[in-house]
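# Chain and residue survey
Residues per chain are reported as follows:
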Amino acid sequence: MGNKMLLFGLSSILLAYYTYMPIPENLEEPWKVRLIDILTKIATLTATLFENTGLMKFEDLFFILMRTQNIEPISDENLTVIDTDFSNIPVRLYLPKRKSERQRPAVIYIHGGAYVTGSFKMLPYDFVNRMTASRLDAVVVAPDYRLAPKDIFPAALEDCIFAIKFFLQDKVLEKYGVDPAHICIAGDSSGGDLVGSVTQLLQDDPEYRNKIKAQAMIYPALQVIDTWTPSHREYENGPFLSRKLGIKLSTRYLAEDEELPEAILRNEHMPEGSRDLFKFVNWSRFLPEKYKKNHVYREPVLGKMSASYPVLLDSRVSPLLVNDSQLQNLPLTYVITCEHDILRDDGLIYVTRLRNAGVPVTHEHIEDAIHGAISFVTAPMYLHSGLRIIDKYISWLQENL
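The structure contained in this document is the topic of the report that follows. (Residues numbered from 1 in each chain as written. Predicted model: local features only at pLDDT ≥ 70, side-chain atom pairs only at ≥ 80, totals over all residues. Heavy atoms only, no water.)

## Thoughts on the packing of aromatic side chains
Across all of its chains, the model carries 11 aromatic pairs by this definition. A ring pair is formed by phenylalanine 58 and phenylalanine 62, whose centres lie 5.5 Å apart and whose planes are at 45°; its orientation type is tilted. Here phenylalanine 58 pairs with phenylalanine 62, and both are found in helix α3 (residues 58-67), just 4 residues apart, close to one helical turn. The class of phenylalanine 62 is buried, set by a relative accessible area of 9%. Between tyrosine 109 and tyrosine 393, the ring centres sit 6.2 Å apart and the planes meet at 70°, which makes this aromatic pair edge-to-face. Separated by 284 residues along the polypeptide, tyrosine 109 in strand β3 (residues 104-110) and tyrosine 393 in helix α15 (residues 384-400) bring together distant segments of the chain. A connected cluster of aromatic rings, assembled from ring pairs, spans Phe86, Phe166, Phe167 and Tyr176. Stacked on the ring of tyrosine 382, the Lys or Arg lysine 32 has its end atom at 4.2 Å from the ring centre. (Phe/Tyr/Trp six-rings, centres within 6.5 Å; stacked < 30°, edge-to-face > 60°. Helix = DSSP H or I, 4+ residues; strand = E, 2+ residues; numbered from the N terminus. Buried < 20%, exposed > 50% of the residue type's maximum accessible area, 1.4 Å probe, protein only. Lys NZ or Arg CZ within 6 Å of the ring centre and 35° of its normal.)

## A closer look at the nonpolar core
Grouped together as the largest cluster of nonpolar side chains are 98 residues, with contacts concentrated most on Phe167, Ile185, Leu194, Tyr253 and Tyr350. With 7 residues, helix α5 (residues 155-167) is the single largest residue contributor to this core. Setting aside residues up to four positions removed in sequence, phenylalanine 167 forms contacts with Phe86, Ala106, Ile108, Val141, Val172, Leu173, Tyr176 and Val178. Val107, Met122, Ala369 and Leu401 belong to the second largest nonpolar core, which has 33 residues in total. (Core = buried A, V, L, I, M, F, W, Y, C linked by side-chain atoms within 4.5 Å. Contact = heavy atoms within 4.5 Å.)

## A closer look at the pairing of strand β2 (residues 89-96)
Of all the 8 residues making up β2, 7 are buried; the element is thus mostly covered by neighbouring parts of the structure. Across 8 bridges, strand β1 (residues 79-86) lies against β2 in antiparallel orientation. Within β2, the position partnered with leucine 79 by the bridge is proline 96. By the bridge criterion, 4 bridges tie β2 to strand β4 (residues 139-143) in an arrangement that is antiparallel. (Pairing = 2+ DSSP bridges.)

## Regarding the packing of helix α2 (residues 30-52) against α3
For any two helices packed against each other, the geometry comes down to the angle between their axes and how far apart the axes lie. Two numbers describe how α2 lies on α3: the axes approach to 7 Å, and their chain directions differ by 130°. The angle between the axes of α2 and α3 places the two elements in the oblique class. Once α2 is placed against α3, the crossing between them reads as right-handed. The residues of α3 that touch α2, namely those facing Ala43, Thr44, Thr46, Ala47, Thr48 and Glu51, are Phe58, Leu61, Phe62 and Leu65. Partitioning the contact of α2 with α3 into residue classes produces 6 nonpolar, 3 polar and 1 charged. (Axes fitted to C-alpha atoms, helices over the stretch in contact; angles between N-to-C directions. Parallel < 35°, antiparallel > 145°, perpendicular 65-115°, else oblique. Left-handed = near helix turned anticlockwise from the far one by under 90°. Nonpolar A, V, L, I, M, F, W, Y, C, P; charged D, E, K, R; others polar.)

## What about the sheet that holds β1?
Sheet strands line up and pair through hydrogen bonds in the backbone, either parallel or antiparallel. Strand order in the open sheet formed by 8 strands is β1-β2-β4-β3-β5-β6-β7-β8, and the pairing between neighbours is mixed. On the outer flanks of this sheet lie β1 and β8 (361-370), each paired with one strand and no other. The average undirected angle you get between the axes of adjacent strands in this sheet is 20°. Those strands touched by helix α7 (residues 190-203) are β3, β5 (178-188) and β6 (214-218), and its axis lies near 140° from that of β5.

Structural measurements only, silent on function.
Dropping the structure here:
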């Protein structure tokens, strides 16, 4: 009885503490965002406790929680939905049933999840891809990829590349009635990072150059060089995606040790000799003035790590590290950023650099939304901002694909 009362008391204290933590004033549906934030913080605390007691790894709890949203492929009167594989990579296909006299456009959607969780099977992603296929009368391909920490970089990237190259074969496009001149690669969060890397690699490959008409990114993560941008400072504690949680999960893709995420949190992870890369992500040069506010730029600290991590210097992890001559080869680009998001500035810097390189870019900034909004568009907890983001994304595809 005493232990139960103690547990109840501690739970009540935690709930009260998280409930009364301040959240930004200009959020849409603040009570829903507060609830999402509270549940995420409780999950983070629980995952930390489980890891410290040896029950499971930190990221395993989030993997389990996300897996509860997985659903089987369900066809309807408009779409045939099937799970198959491309080059041994699992994919879910959304194929319009209506006969068409023309070839259809195609969207390849890469899911997010900080590289350690997520799947095309999750209900929110199924919702997004189903709506995309229906409204565009398009073929949608949703690949899954190997997850960290079991499979670290470049596993996820390689799986996406293999699946997409398989799909881009003439015989495969013909099989699914796809117009080879109207193909887009899209994704959110860490999936947005994979979009940037995949598209850049395809454009740099003579065999696949210009086979992608457009890329679309929803609140993408695009670099690990500087983790003390204004958005990292302003939204260090969330809502929803805190700086500590985002870094702890995503660094599992780079290396499975505790030194690296702690160094990245201090922005002291870059090796000696890497200062030349800072020019690609220097927010004081690329952010619009309204986002700089009174923040003072400080370079990441060099040479503090005892181990070497070459992956930190790899542009396949950080698409922002490519030079302007490579960027200018990229196709038509669509970027959505959310104000209340530690990753906001990654997207803003990318937009500026693409425009400077002459790439046609459409950028939409959602002032009242959080990171991960499209993950909350189905019952029991849905955000109108997530639905608005999906609508904007699909509307842009309708006009440009």
